[in-house]
Amino acid sequence: MGSEVPTLFVRRASGLVRTVGPFTAFMIVFSHVVGGGVHKMAVIGIYTAPGADIPLAFLLTGVLLALPTALIYTLMGAMMPRTGGDYIFISRGMSPAMGFIASWAFWVKEAVSYGLLSWMSVDFFAGSITAAGIALHDASLLGMAKWMATTQGHLVLAFTFALIFGVIAYLGMRVYGWVINVLGVIAILGCLTNLVILGIWGLAPMGAVRGWDSLYGAGAYEKIVSKAFEIGMAKGDLPLAPFSIADTMNTTTGAVFAYLGITAAVYVGGELKTPVKSLFIAQTLGTLIIMIYYVGLPLLAYSAYVVPQDVLAKVPGAMDYLAKHNIPADRVYFTVLYNYVLKSLGAKDVAALIGVPDTSYLLPPGAVTSFTIPLVPRGLEWLQVINGVFVGIVLLKDLPAFFLVATRIVFAWAFDRFFPEMFAAVDSRFHSPYWAITLTLIFGLLFLILPYFGSDWAVAGVSSNLAMFTGMLGCFAGALLPYTRRDLYERSPIAWSIAGVPVLTIIGIWGWAANFLFFLISATQVQIIGMLVISIFLGAGSAVYIAYLAYNEKRGIDVKTIYAELPPA
């Protein structure tokens, strides 16, 4: 018997199966995207940049960045429906080295975000349990929420969340897809209850004033506003400002973080049953739907929490201060003042100010649910509790989507022989890449502690910066592809041209420029230490690629031919 001819790739078939339909593909994108970015970053963004218009920041980021990136990744993914996403089409359409480094950056971003979101999920559930405790007058629930807010509570619960979703991944895409779908549907209900509460009761005249006074006692709302102006005018640091386009653009770092993942479905391209249909529904149509929510939610939230002029008129010196600093009255937000008073006085003194028994009764200022809970009229406490739990799941459901994307990137490297080949192993029963899952789980758990050492905003900035680096290369690869790989371009579902220039090239240049713009903005947010961390990550990825290039050449592996071909499905 003659010896078997060696395969170009690790195997002649990936071992993964096409089980993902359009609905699950959309849920992967939705689950990856809609979470802490909008429900937390949209709230805390204006704390860091008082002149910002947060709904405008989310709109600009969506139109300039999210839409073209989603379009280019949809078209490229439809041409090359393989597991690994932009690693596949950047390495085949532009450069193997750039494909590996771009995907390495995105994989690190996914692992960092997996830990960050595990940590942030605890904040959301602490808020929901606080709401339940206040609504039901249950001291044990309030005690539980207070423990969850501690560092110990965060570490224990975040580790548990991260570990559970990592373990479920071993059961394969059918089970994982089911988990993503169920959590996604619950999260959608949470998004809808947010909009209903803010739209019905938040926009009612004096709705927020009545809500906070009903929750904490008569005059509670006005006490917060008065104390904020008293402290701020004395110290000269009241966090209010007129509209500023510069502040608005600075807060796009949070918006970028919120949109990360609009391309998530392309990473499971080899597992999509109908790639073209699924990618257009999940990524292109999905981005439009998500953008509407991303603009609508903060628009309703900030509109509901503008401090009424009747309240401002009762605060000594408030109107004069606003006039002196050219601050319109409609830019005085209770959310900002509440956060400012908490930071200035501390939770214990704020609890005493509004007359609650202890700090466990205070709603945390960093999540949108904290500002929907007081709006629900008394007698509808069940809606408070349901909304809090559902929105808690809004962030928790991100975890399996982030984890899924990260594992498929590792698998794709190994299948191309540019990572230890053991990571291309697939379980014969569950069709899951178990070693890729194990590696990603370990790194995710390590990165889980990052928020403990720095702010959520800084970690989000690092994640956004890495993603923009990847997005730049992905869009540029799309712009080049009609000229560098005509054979692949002919598979495009939209091979149109304008004045002889391929539409793919036009969208690719648009996406590249937008990603570069937001890359620069994110770079200003992470500062020197953040850029140093990013440089270390990218340097490590470059070293891995060069090491495997040398190793494969030494083994006689035809690297050039590997990257000229699409891997088998």
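Given the structure is predicted, the values throughout are model-derived calculations rather than measurements.

Q: Give a description of the overall build of the protein that names residues and reports values.
A: A count of helices and strands for the protein gives 25 helices and two strands. Projected onto the principal axes, the alpha-carbon positions of the protein cover approximately 90 × 55 × 40 Å. Taking all 569 residues of the protein together, 61% fall into the buried category. Here the contacts in the protein between residues at least 6 apart in sequence split such that 83% fall between residues at least 24 apart. Per element, the accessible surface of the protein, about 20800 Å² overall, is 69% carbon and sulfur. Here the protein carries 31 positive and 28 negative side-chain charges, and the mean point of each set is 7 Å from the other.

Q: Please provide a residue-by-residue account of the side chain of Thr407, values included.
A: Its location among the elements puts Thr407 in helix α19 (residues 398-415). Using a relative accessible area of 1% as the deciding quantity, one classes Thr407 as buried. Discounting chain neighbours no more than four positions away, the residues touching Thr407 are Ala436, Ile437 and Thr440.

Q: Run through the packing of helix α3 (residues 54-79) against helix α12 (residues 252-259), naming residues and quoting values.
A: Taken N-terminus to C-terminus, the directions of α3 and α12 make an angle of 55°; their axes are 9 Å apart at the nearest point. Looking at the two axes, α3 sits oblique to α12. The hand of the α3/α12 crossing is right-handed. Contact residues: Ala57, Phe58, Thr61, Gly62, Leu65 and Ala66 in α3; Thr252, Ala255, Val256, Ala258 and Tyr259 in α12.

Q: Break down the pattern of salt bridges for me, with residues and values.
A: Between side chains of opposite charge, a pair can form as their charged atoms come close. The tally for this structure, following the rule as stated, stands at ten salt bridges. Measuring nitrogen to oxygen at the nearest pair gives 3.9 Å for the salt bridge that ties Lys235 to Asp237. Using a relative accessible area of 53% as the deciding quantity, one classes Lys235 as exposed. Among the charged side chains, a salt-bridge network with shared partners connects Arg417, Glu421 and Arg555.

Q: Break down the packing of aromatic side chains for me, with residues and values.
A: Within the structure shown, the criterion is met by 36 aromatic pairs. Aromatic side chains Tyr73 and Phe89 sit 5.1 Å apart centroid to centroid with 80° between the ring planes, which places their arrangement in the edge-to-face category. Here Phe89 lies in helix α4 (residues 86-93) and Tyr73 lies in helix α3, a separation of 16 residues in the sequence. By relative accessible area, Phe89 is classed as buried at 1%. Summarising the aromatic geometry, the rings of Phe476 and Trp512 are spaced 6.4 Å apart at their centres and angled 50° between planes, so their arrangement reads as tilted. Taken as a pair, Phe476 in helix α22 (residues 456-484) and Trp512 in helix α24 (residues 503-555) lie far apart in primary sequence, 36 residues in all.

Q: How would you explain the nonpolar core if you had to name every residue and give the values?
A: Ranked by internal contacts, the top residues of the largest apolar core, which has 209 residues, are Val34, Val225, Phe229 and Tyr294. Contacts of Phe229, omitting those with residues within four sequence positions, involve Leu238, Leu240, Leu312, Val315, Ala318, Tyr321, Leu322, Val332 and Leu337.

Q: If you had to explain a nonpolar patch on the surface to someone new, which residues and values would you point to?
A: Together, Leu59, Val63, Leu64, Trp510 and Leu517 give the surface a local cluster of nonpolar side chains, amounting to about 380 Å² of exposed area. Looking at the nonpolar patch, the elements with two or more residues in it are α3 and α24. Turning to its location among the elements, Val63 is positioned in helix α3.

Q: Now, about the packing of helix α5 (residues 96-136) against helix α18 (residues 381-396): what can you tell me, with residues and values included?
A: Two numbers describe how α5 lies on α18: the axes approach to 8 Å, and their chain directions differ by 175°. Between α5 and α18, the crossing angle belongs to the class labelled roughly antiparallel. Contacts between α5 and α18 involve Leu117, Met120, Ser121, Phe124, Phe125, Ser128, Ala131, Ala132, Ala135 and Leu136 from the former and Glu381, Gln384, Val385, Gly388, Val389, Val391, Gly392, Ile393, Leu395 and Leu396 from the latter. Looking at the contact of α5 with α18 residue by residue, the classes come out as 14 nonpolar, five polar and one charged.

Q: Please give an account of helix α20 (residues 434-447) that cites residues and values.
A: The end-to-end C-alpha distance of α20 is 20 Å, a good match for the 20 Å that 14 residues give at a rise of 1.5 Å each. Listing the buried residues of α20 in full gives Ala436, Ile437, Leu439, Thr440, Leu441, Gly444, Leu445 and Phe447.

Q: I'd like a description of the environment of Phe58, backed by residues and values.
A: The topology assignment puts Phe58 in helix α3. In this structure Phe58 comes out as buried when scored by relative accessible area, which is 2%. Put simply, Phe58 and Val38 are 20 residues apart on the chain and 8.7 Å apart in space, counted from C-alpha to C-alpha. Residues in contact with Phe58, not counting those within four places in the same chain, are Gly37, Val38, Ala42, Ala255, Ala258, Tyr259, Tyr294 and Val295.

Q: For the confidence of the model for the protein, give the residues involved together with the corresponding values.
A: When pLDDT is averaged across the protein, the result is 89; 96% of the residues are at 70 or more. Note that residues 1-5 has pLDDT below 50 and, in this model, two contacts with residues that lie over four places away or in other chains.

Q: Help me get a handle on unusual backbone geometry, residues and values and all.
A: One non-glycine residue, Arg417, adopts positive backbone phi at about 70°. Within the secondary structure, Arg417 is located in the loop between α19 and α20. Although it is not a glycine, His431 adopts a positive phi angle of roughly 55°. As for its position among the elements, His431 is in the loop between α19 and α20.

Q: Kindly report on the side chain of Arg485, identifying the contributing residues and their values.
A: With respect to the helices and strands, the residue Arg485 is situated in the loop between α22 and α23 (486-489). Given a relative accessible area of 14%, Arg485 falls into the buried group. Non-local contacts of Arg485, meaning those with residues more than four positions away in its chain, are made with Arg92, Gly93, Tyr563 and Ala564.

Q: Could you give an account of the environment of Ser244, with specific residues and numbers?
A: Within the fold, Ser244 resides in the loop between α10 (220-235) and α11 (245-250). Placed 192 residues apart in sequence, Ser244 and Ala52 show a C-alpha to C-alpha distance of 5.8 Å. With residues up to four places along the chain from it excluded, the contact list for Ser244 reads Gly51 and Ala52. A polar contact is formed between the side chain of Ser244 and the backbone nitrogen of Asp247, at a distance of 3.1 Å.

Cut-offs applied
- Here, residues in each chain are numbered from 1, in the same order as that chain's written sequence.
- Selection of residues for local features in this predicted model requires a pLDDT of at least 70, selection of side-chain atom pairs for listing and counting requires 80 or more, and totals for whole chains, interfaces and linings are taken over all residues.
- Just so you know, side-chain values use all the structure's heavy atoms and leave hydrogens and water out.
- Each helix corresponds to a stretch of at least 4 residues labelled H or I by DSSP, and each strand to a stretch of at least 2 residues labelled E; elements are numbered beginning at the N terminus.
- Summary of the burial criterion: residues with accessible area below 20% of their type's maximum are buried, those above 50% are exposed, and those between are partly exposed, where the area comes from a 1.4 Å probe applied to protein chains only.
- The criterion used for residue contact is that any of the two residues' heavy atoms lie within 4.5 Å.
- Values of accessible area rely on a 1.4 Å probe in the Shrake-Rupley scheme; residue burial ignores everything except the protein chains shown.
- His is not counted here, nor are the chain ends, while Lys and Arg score as positive and Asp and Glu score as negative.
- Every charge is mapped onto a representative atom, which is NZ of Lys, CZ of Arg, CG of Asp or CD of Glu.
- In this analysis, axes come from line fits to C-alpha atoms, helices being fitted only over the stretch in contact, and the angle between any two N-to-C directions falls in the range 0 to 180 degrees.
- Here roughly perpendicular refers to angles of 65 to 115 degrees, roughly parallel to angles under 35, roughly antiparallel to angles over 145, and oblique to all remaining angles.
- The crossing is said to be left-handed when, going from far helix to near helix, the turn is anticlockwise and less than a right angle, and right-handed when the turn is clockwise.
- We define a salt bridge as a contact between a side-chain nitrogen of Lys or Arg and a carboxyl oxygen of Asp or Glu at a distance within 4 Å.
- Pairing of aromatic rings covers Phe, Tyr and Trp, the last through its six-membered ring, and needs centres within 6.5 Å; plane angles under 30 degrees mean stacked, over 60 mean edge-to-face, and all others mean tilted.
- Here, nonpolar core refers to any group of buried Ala, Val, Leu, Ile, Met, Phe, Trp, Tyr and Cys residues whose side-chain atoms link them within 4.5 Å.
- For patches, a residue must show more than 30% relative accessible area and have no salt bridge; joins then use 9 Å for like charges and 5 Å for nonpolar side chains, namely Val, Leu, Ile, Met, Phe, Trp and Tyr.
- By the convention adopted, Pro, Cys, Tyr, Trp, Phe, Met, Ile, Leu, Val and Ala count as nonpolar, Lys, Arg, Asp and Glu as charged, and the other residues, Gly among them, as polar.
- An expected span of 1.5 Å times one less than the residue number is assigned to each helix.
- By definition, pLDDT measures how confident the predictor is in each residue, and it falls between 0 and 100.
- Residues adjacent in sequence count toward polar contacts only when both atoms are side-chain atoms; beyond that, a polar contact is any pair of N or O atoms within 3.5 Å, and within protein one must be able to donate a hydrogen and the other to accept it.

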